[in-house]
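So the chains spell out like this:
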Amino acid sequence: MPKTFRRTLTVAALAVLTAIPAPAQASEPKAPPEFVALSDVAPTIPHEIRYRGQHNFVGRKIDGYVQPLCLLTRQAAEGLRTAQRQLLRQGYTLKVYDCYRPQRAVDHFVRWAKDLADEKMKAEFYPNVAKDRLFADGYIAEKSGHSRGSTVDLTIVKLPPRPQRPYRPGEALTPCFAADRFPDNMVDMGTGYDCFDTLSHTDDPRIAGEARVNRQLLKGTLAAAGFRNLPEEWWHYTLNGEPFPDTYFDFPVSRHSLTCAPLRPDRD
């Protein structure tokens, strides 16, 4: 076969291959324009997004947490800004652990809860609860208010914040209600965050003294800003009149998920 003819065939073949469209890439869902990054609305509120790392009840990064961000509906973010301004005047700051949570993250929790052999983090987060009771006792569910975008898990930190050491995967675990539990820099709340125990009930009578005062400070401040508490979890608050009461979203926790331009942050 002449070289010129072979070269012509090669060029023609490349042209055909180039013309074949590439397989469509599945695009991730986007947040509606009502969602914002909390850091754009209330930049003085620190984040410790537990599900982006390994210090949580599963012991690994949770599906859907691409970045350690707090995404919320604009109304919820503005409510937290109001609460933050009140706390700053008293020498405290809020700190968020989790905000919007995609449905795929909730699904990850459900799969983990059904795997009864995986008790990697039991000694810290649910030492007194059998894993096969997590659904029945309400600690794990197939839907979460976090997926609607107006629910937040948070605490209070005294200013200036104490240094907090990082969690070291594989380190010895201490029960979340013990006096020597993991040294979070929050004020004493009686238990750590995500402690699967009745001691986490906001008004549990066994929680007294400074811890009770701190829980009531958080509850009163958030209530004044338009949030209601989940009585079983001192850290869990939902905006009253949330804009998406029946919608459970599944876009990733990532700034790329936002469809509106970043806001110019207000200084708290």
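Because the structure is predicted, anything quoted here is derived from the model rather than measured.

## Points about the overall build of the chain
When helices and strands are counted, the chain shows 6 helices and 6 strands. Here the chain holds 268 residues, and 48% of them are scored as buried. The contacts in the chain between residues at least 6 apart in sequence include a share of 75% that link residues at least 24 apart.

## Points about helix 4 (residues 103-114)
The end-to-end C-alpha distance of helix 4 is 17 Å, a good match for the 16 Å that 12 residues give at a rise of 1.5 Å each. Restricting attention to buried positions, one finds in helix 4 the residues Gln103, Ala105, Val106, His108, Phe109, Val110, Trp112 and Ala113.

## Regarding the side chain of Asp197
Turning to its location among the elements, Asp197 is positioned in the loop between strand 4 (151-158) and helix 6 (209-224). Of the side chains with opposite charge, Arg206 comes closest to the buried, unpaired Asp197, at an N-O distance of 4.7 Å. Only 2.9 Å separates the side chain of Asp197 from the backbone nitrogen of Leu199, close enough to count as a polar contact. If near-sequence neighbours (up to four positions away) are discounted, Asp197 is found in contact with Asn128, Tyr139 and Phe177.

## Digging into the pattern of salt bridges
Where charged atoms of side chains with opposite charge meet at close range, the side chains can pair. For the structure shown, the criterion picks out 18 salt bridges. Connected via shared salt-bridge partners are Glu48, Arg50, Lys95 and Asp184.

## Some remarks on the state of the cysteines
If you walk through the whole model with that rule in mind, you get 2 disulfides. Between Cys70 and Cys99 runs a disulfide, and the two sulfur atoms are separated by 2.0 Å. Handedness here is read from the sign of the S-S torsion; for Cys70 and Cys99, about -100°, the answer is left-handed. Note that Cys70 is positioned in the loop between helix 2 (38-41) and strand 2 (71-73) and Cys99 in the loop between strand 3 (92-98) and helix 4, a separation of 29 residues in sequence. Across the pair, Cys99 and Cys70 agree in class, each one buried. The connectivity of the disulfide bonds within the chain can be written as 1-2, 3-4, using the sequence rank of each bonded cysteine.

## Observations regarding the sheet that holds strand 3
One open sheet accounts for 4 strands, arranged 3-4-6-5; its pairing is antiparallel. The open sheet is flanked by strand 3 and strand 5 (227-229), the only strands paired with a single partner. Mean inter-strand twist for the sheet, computed between neighbouring axes without regard to direction, equals 45°. Judged from the 3 bridges that link them, strand 5 and strand 6 (residues 236-239) form a sheet pairing that is antiparallel. For Asn229, the partnering residue across the bridge sits in strand 6 and is Tyr237. Where helix 3 (residues 74-88) meets the sheet, its contacts fall on strand 3, strand 4, strand 5 and strand 6, and the angle it forms with strand 3 comes to roughly 145°.

## Describing the pairing of strand 4
For strand 4, a buried count of 7 out of 8 residues is recorded, marking the element as mostly surrounded by other parts of the structure. Sheet topology places strand 3 next to strand 4; 6 bridges connect them, and they run antiparallel. Directly across from Lys95, in strand 4, lies its bridge partner Thr155. Of the pairings in the sheet, the one linking strand 4 to strand 6 comprises 3 bridges and is antiparallel in character. For Thr151, the partnering residue across the bridge sits in strand 6 and is Thr238.

## A closer look at the environment of Ala211
By the element assignment, Ala211 lies in helix 6. Apart from the residues lying within four places of it in its own chain, the contact partners of Ala211 are Asp188, Met189 and Gly190.

## Let's talk about the confidence of the model for the chain
Averaged over all residues, the pLDDT of the chain is 91; the fraction at 70 or higher stands at 87%. The low-confidence segment residues 1-25, where pLDDT is below 50, has 2 contacts with residues more than four positions distant or belonging to other chains.

## Comments concerning helix 3
An ideal rise of 1.5 Å per residue puts 21 Å on 15 residues; helix 3 measures up with 21 Å between its terminal C-alpha atoms. Burial in helix 3 covers these residues: Ala76, Ala77, Gly79, Leu80, Arg81, Ala83, Gln84 and Leu87.

Cut-offs used in this document
Residues numbered from 1 in each chain as written. Predicted model: local features only at pLDDT ≥ 70, side-chain atom pairs only at ≥ 80, totals over all residues. Heavy atoms only, no water. Helix = DSSP H or I, 4+ residues; strand = E, 2+ residues; numbered from the N terminus. Buried < 20%, exposed > 50% of the residue type's maximum accessible area, 1.4 Å probe, protein only. Contact = heavy atoms within 4.5 Å. Expected span 1.5 Å × (residues − 1). Lys, Arg positive; Asp, Glu negative; His and termini not counted. Salt bridge = Lys/Arg side-chain N within 4 Å of Asp/Glu carboxyl O. Polar contact = N/O pair within 3.5 Å; in protein donor to acceptor, adjacent residues only side chain to side chain. Disulfide = S-S within 2.5 Å. Pairing = 2+ DSSP bridges. Axes fitted to C-alpha atoms, helices over the stretch in contact; angles between N-to-C directions. pLDDT = per-residue confidence, 0-100.

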